[in-house]
Amino acid sequence: MIDMKEKIDLRQLPAIYGRSKGADWFEAIYKRDIIIIGAGGIGSWLSLFLSRTGANLFIYDYDHFENHNGGQVMFREDEGKLKTEAIKSTIASFSPDCEVTTFGKYIQTSDSGKIVICGPDNIPTRRLAFNKWATLVSKAPVEQKREYFFMDGRLLAEQLQIFCFSGDMPSLIEKYRTEFLFEPDEDTEESCTFKQTTPMAGLIAAQMIGYLTNWLTNLKRGRNIRRIPFSYEYLLATDTRIVKYE
């Protein structure tokens, strides 16, 4: 991984970055390690989009692609493959400069890191990922806690929700821990025939990357010049947005 203080020679980068390397956040994300938990509707698109930033991706998922996974990055030849291996193969063609490492189910012995992005289909995995990340933050020196970032994306049919915060925000870390890691009421869930759509999966992935690059810009500049909400919710059917800054 390239340290943010290490200068990148932008002239030597592959041509694929020609239209993005001038962004404030580019040098802060290029070859930076990012852990992605879940390679379904959120994680597959997130991984694909992030691959164009040149980040090093560490993707966790143990599930296989099935022919009903229409909201995910899937091609006919991917059916039956592990989702992580399928998206890694797609990225190899889409963004050949991107380094991808794949793993199975995210468990207690799995690694955490400074940047963790969650998009699994269950709360226990989110809770485990958050607790492991929070443990790392608790052990980090005070002056380095701002270098840690956690983001959680949730998608149900035509409704999406995103939570994000950095390691130097103890009140938001506690708020997320106590208020947003509970099991959903089964009565509120959509029918299994309407869990997600491809456009909504792509939309939440793009939005999450936007908040990530905003945070990286602030981190690089040493001050908050871009806004990052603690929570963002969007309901497509009514074009309703609920954004909460803490």
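Residues numbered from 1 in each chain as written. Predicted model: local features only at pLDDT ≥ 70, side-chain atom pairs only at ≥ 80, totals over all residues. Heavy atoms only, no water.

Participant: Hey, could you run me through the packing of aromatic side chains in this one?
Facilitator: What characterises a pair of aromatic rings is the spacing of the ring centres plus the angle enclosed by the ring planes. This model, assessed by the stated rule, comprises 23 aromatic pairs. Note on Y60 and F103: the rings are 4.5 Å apart at their centroids and 15° apart in plane angle, and the pair reads as stacked. With Y60 in strand β2 (residues 56-60) and F103 in strand β3 (residues 100-103), this pair connects stretches of sequence that are 43 residues apart. We classify Y60 as buried; its relative accessible area is 4%. Taking the relative accessible area as the measure of exposure, F103 reaches 31% and is therefore partly exposed. A centroid spacing of 4.9 Å and a plane angle of 85° characterise the contact between Y60 and Y106, whose relative ring orientation is edge-to-face. Taken together, the positions of Y60 in strand β2 and Y106 in the loop between β3 and β4 (115-118) put the pair 46 residues apart, joining distant regions of the chain. Residues Y60 and Y106 agree in their burial class; the two are buried. (Phe/Tyr/Trp six-rings, centres within 6.5 Å; stacked < 30°, edge-to-face > 60°. Helix = DSSP H or I, 4+ residues; strand = E, 2+ residues; numbered from the N terminus. Buried < 20%, exposed > 50% of the residue type's maximum accessible area, 1.4 Å probe, protein only.)

Participant: Would you mind going over the layout of surface pockets with me for this structure?
Facilitator: The probe, sized like a water molecule, is rolled over the atoms to show the empty space still left. As a volume, the second largest pocket reaches approximately 310 Å³. Along its surface, the second largest pocket is lined by 18 residues, and S166, M169, N218, N224 and I228 are the ones closest to its centre. Of all the secondary-structure elements, those providing two or more residues to the lining of the second largest pocket are β6 (159-166) and α6 (198-221). Looking at the lining of the second largest pocket residue by residue, the class counts come to eleven nonpolar, three polar and four charged. (1 Å grid on protein atoms, 1.4 Å probe; cavity = no way out; pocket = protein on both sides within 12 Å on 5 of 7 lines; lining within 4 Å. Points joined across faces, edges and corners; volume = space filled by probe spheres on them. Nonpolar A, V, L, I, M, F, W, Y, C, P; charged D, E, K, R; others polar.)

Participant: What's the story with α6 in this structure? I'm lost.
Facilitator: Residues spaced three or four apart along an α-helix point in a common direction, a consequence of the helix completing one turn every 3.6 residues. Given a rise of 1.5 Å per residue, 24 residues ought to cover 34 Å, and the 35 Å separating the end C-alpha atoms of α6 matches this to within 8%. Looking one or two places after α6, you find G222, whose phi comes out positive at around 80°. (Expected span 1.5 Å × (residues − 1).)

Participant: Please clarify how the nonpolar core should be interpreted in this entry.
Facilitator: Across soluble globular proteins, you tend to see nonpolar side chains buried next to one another. I34, L50, L57, I117, M151 and L212 are the most contacted members of the largest nonpolar core, which totals 45 residues. It is α6 that contributes the most residues to this core, eleven residues altogether. Apart from the residues within four sequence positions on either side, M151 is in contact with V116, I117, C118, I162, F163, C164, M208, Y211 and L212. I35, A134, V137 and I173 belong to the second largest nonpolar core, which has 23 residues in total. (Core = buried A, V, L, I, M, F, W, Y, C linked by side-chain atoms within 4.5 Å. Contact = heavy atoms within 4.5 Å.)

Participant: It is not clear to me how the sheet that holds strand β1 (residues 33-37) should be interpreted in this structure. Could you clarify?
Facilitator: Across a sheet, paired strands are connected by hydrogen bonds in the backbone, their directions being either parallel or antiparallel. With respect to topology, eight strands assemble into an open sheet ordered β3-β2-β1-β4-β5-β6-β7-β8, the strand pairing being mixed. At either end of the open sheet lies a strand with only one pairing partner, and these are β3 and β8 (240-244). Here the strands of the sheet are splayed against their neighbours by 15° on average, with no regard to which way each runs. The pairing of β1 with β4 spans three bridges and is parallel. The residue bridging I36 from the neighbouring strand is I117, located in β4. Sheet strands in contact with helix α2 (residues 41-51) are β1, β2, β4 and β5 (149-156), and its direction is about 160° off that of β1. Set on the sheet, α6 makes contact with β1, β4, β5, β6 and β7 (231-235); between it and β5 the angle comes to about 165°. (Pairing = 2+ DSSP bridges. Axes fitted to C-alpha atoms, helices over the stretch in contact; angles between N-to-C directions.)

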